[in-house]
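Residues per chain are reported as follows:
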Amino acid sequence: MSNMIVFGTQWGDEGKGKIVDILTEEADIIVRYQGGNNAGHTLVTGGKKFILHLIPSGILHPSKTCLIGNGVVLDPQVFCAEIDKLSDSGISITPERLSISKKTHIIMPYHKDLDQAREIAKSGKDKIGTTGRGIGPCYEDKMARVGIRAGDLQNLDLIREKINKALKEKNTLLEKLYLQSPVDSEDVFAHIKPLARRLVPFLADVSQKIQEACEKGQTVLFEGAQGVQLDIDHGTYPYVTSSNTVTGNASAGAGYLYNKKKVVGVVKAYTTRVGQGPFPTEQDNEFGAHMQYKGAEFGSTTGRKRRCGWLDLAILRESVRLCGPTEIALTKLDVLSGLETIKICKGYDYQGQLVEYPPQEENSMELVNPVYEDFPGWSQDISGVNSWKNMPENARKYVRLIEDYLKVKVSIISVGPDRDQTIRMS
Ligand code: GDP
Ligand code: IMO
Ligand code: MG
């Protein structure tokens with residue numbers, strides 16, 4: 001047994017889905033442990049594209065088992081739609097292959113209403129730019145100890161009671177504070193009832209499934225969503241998501257101790273961000289436009305244009321110290337082809353001092369000035385390169401520089417969206 005974990009080191013969308021899909025070949029079980037359908041993980045195989053929001057990225061491999069852990073927040077409507085879409089593509093999803101923890105919290109329609117109402121009510125810099133999928137409000141109910149959990153779906157009377165209780169508070173907020181229409185409890189119940197019927201067969205004790213697999217010597221792959229800078233504690237608060245995205249949360253969110261073996265930090269060769277919030281190396285210019293266009297940087301969940309900028313070693317150092325990657329999967333290196341000069345941010349000038357890590361005060365990331373090192377680019381298209389030795393010299397130097405700065409080896413280089421466009425270094 002050699003368990004592994006794959007996590008995003010930046011602001012999400014690093015290419016975790018592709019890397020999980022590839023590493024699934026070495027795993028038996030793939031488990032999601034946090035986040036919800038705010039995630040959008042894209043897998044491309046043989047030119048065919050799949051975007052998964054909730055179901056683990058191992059699902060395209062028919063012999064593998066996928067699990068949704070207790071740390072995830074699950075929208076039943078999205079879950080069923082995703083299963084149906086995969087079935088339409090010939091990938092059959094049965095409870096033998098996919099389980100949901102009975103402790104997973106359920107995103108209800110009023111969570112989405114509240115998420116959206118709050119964003120509408122905010123203006124300017126107060127907006128977070130959430131995905132509007134009800135993620136924050138669902139995690140709030142979990143912490144307030146009033147949430148609905150997947151296991152509750154087995155008891156419709158309990159669901160009705162919990163909906164009624166929840167709506168007393170939610171409707172007051174929606175009507176009085178956000179000036180929106182109230183939600184009718186019978187409508188919510190009618191919405192959830194057929195979905196509950198579909199979900200119940202997938203319920204399981206996910207902790208036990210992982211434990212049994214490990215006892216049999218099988219390999220479990222823990223699939224992270226979002227990225228370290230979106231972590232509720234360690235990210236660019238308040239412009240973050242509502243879960244802990246750091247690897248330390250894998251154990252709590254999957255229900256099984258993750259004992260560090262293989263920890264793969266996914267690093268995009270540049271940086272992107274969707275939604276509001278500070279982004280020190282953002283390039284609102286021809287370089288950003290190059291990355292946005294060549295990298296097809298549109299959000300896989302909301303379709304929003306992703307903001308683009310240079311690689312930022314300060315945030316990557318923070319990811320290394322928080323998450324302990326044993327190796328790096330470097331993605332989208334092909335996107336940098338054609339740039340005469342590439343910049344890497346080595347640290348920040350913050351209040352007149354050079355700092356190597358993001359400062360800790362709220363909104364201090366708005367005040368830092370990146371300190372760059374210039375680096376000669378390469379002109380060749382590398383999307384067809386399939387070995388390290390065939391890489392242009394300057395691309396190799398770029399990879400080595402990242403390794404040297406972060407003191408972590410690059411084990412995978414991705415040069416295109418397809419499974420085949422991948423170089424394994426060992
Ligand atoms: P995730 O959320 O971390 O799984 O990343 P997303 O799937 O949201 O975004 C990554 C995007 O880049 C997807 O459209 C992938 O198909 C694509 N992608 C992944 N790796 C590469 C790569 O090496 N090169 C290029 N050009 N695209 C890639
Ligand atoms: P994957 O797993 C990129 C961002 C949103 C917003 C902030 C809060 O595909 O990398 P939320 O709806 O979570 O309350 O929104 O977090 N965000 C992501 N950005 N990739 C993601 O997931 C994201 N999930 C949330 O854009 O800025
Ligand atoms: Mg994504």
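The rules behind each value
- Residues numbered from 1 in each chain as written.
- Chains lettered and ligands numbered in written order.
- Predicted model: local features only at pLDDT ≥ 70, side-chain atom pairs only at ≥ 80, totals over all residues.
- Heavy atoms only, no water.
- Domains from an automatic or database assignment.
- Contact = heavy atoms within 4.5 Å.
- Buried area = accessible area lost by both parts, 1.4 Å probe.
- Salt bridge = Lys/Arg side-chain N within 4 Å of Asp/Glu carboxyl O.
- Donors = N, O, S within 2.8 Å, 3.2 Å for Na, K, Ca; no water.
- Helix = DSSP H or I, 4+ residues; strand = E, 2+ residues; numbered from the N terminus.
- Buried < 20%, exposed > 50% of the residue type's maximum accessible area, 1.4 Å probe, protein only.

A. How the structure looks around the domain arrangement of the protein. Taken domain by domain, the protein consists of domain 1 (4-102 + 202-264), domain 2 (105-200) and domain 3 (266-424). Put simply, the middle of domain 2 and the middle of domain 3, counted by C-alpha atoms, are 37 Å apart. On the side of domain 3, six residues touch domain 2, which itself brings eight residues to the contact. Summing both sides of the interface, domain 2 and domain 3 together bury roughly 470 Å²; the carbon and sulfur share of this comes to 44%. Summed over the three residues of domain 2 that lose the most area to domain 3, namely Gly-129, Thr-131 and Arg-133, the buried surface amounts to 56% of that side. Here domain 2 is connected to domain 3 by one salt bridge. We note a salt bridge from Lys-125 to Glu-366, for which the minimum N-O separation is 3.7 Å.

B. Representation of the coordination of the magnesium ion (ligand 3) within the structure. Looking at the magnesium ion (ligand 3), one finds its protein donor set to be Asp-13 (OD) and Gly-40 (O), positioned 2.0 to 2.2 Å from the metal centre. Here Asp-13, found in the loop between strand 1 (4-8) and helix 1 (16-23), pairs with Gly-40, found in the loop between strand 2 (29-32) and strand 3 (41-45); they are 27 residues apart in sequence, far enough to count as distant. There is no split in this pair, since Asp-13 and Gly-40 are both buried.

C. A look at the environment of Lys-209. Its location among the elements puts Lys-209 in helix 7 (residues 206-215). Under the relative-accessibility criterion, Lys-209 is labelled partly exposed at 33%. The spatial distance from the C-alpha of Lys-209 to the C-alpha of Thr-65 is 10.0 Å, given a sequence separation of 144 residues. Here Lys-209 is in contact with Ile-29, Leu-67, Ser-99 and Ala-204, once residues within four sequence places are set aside.

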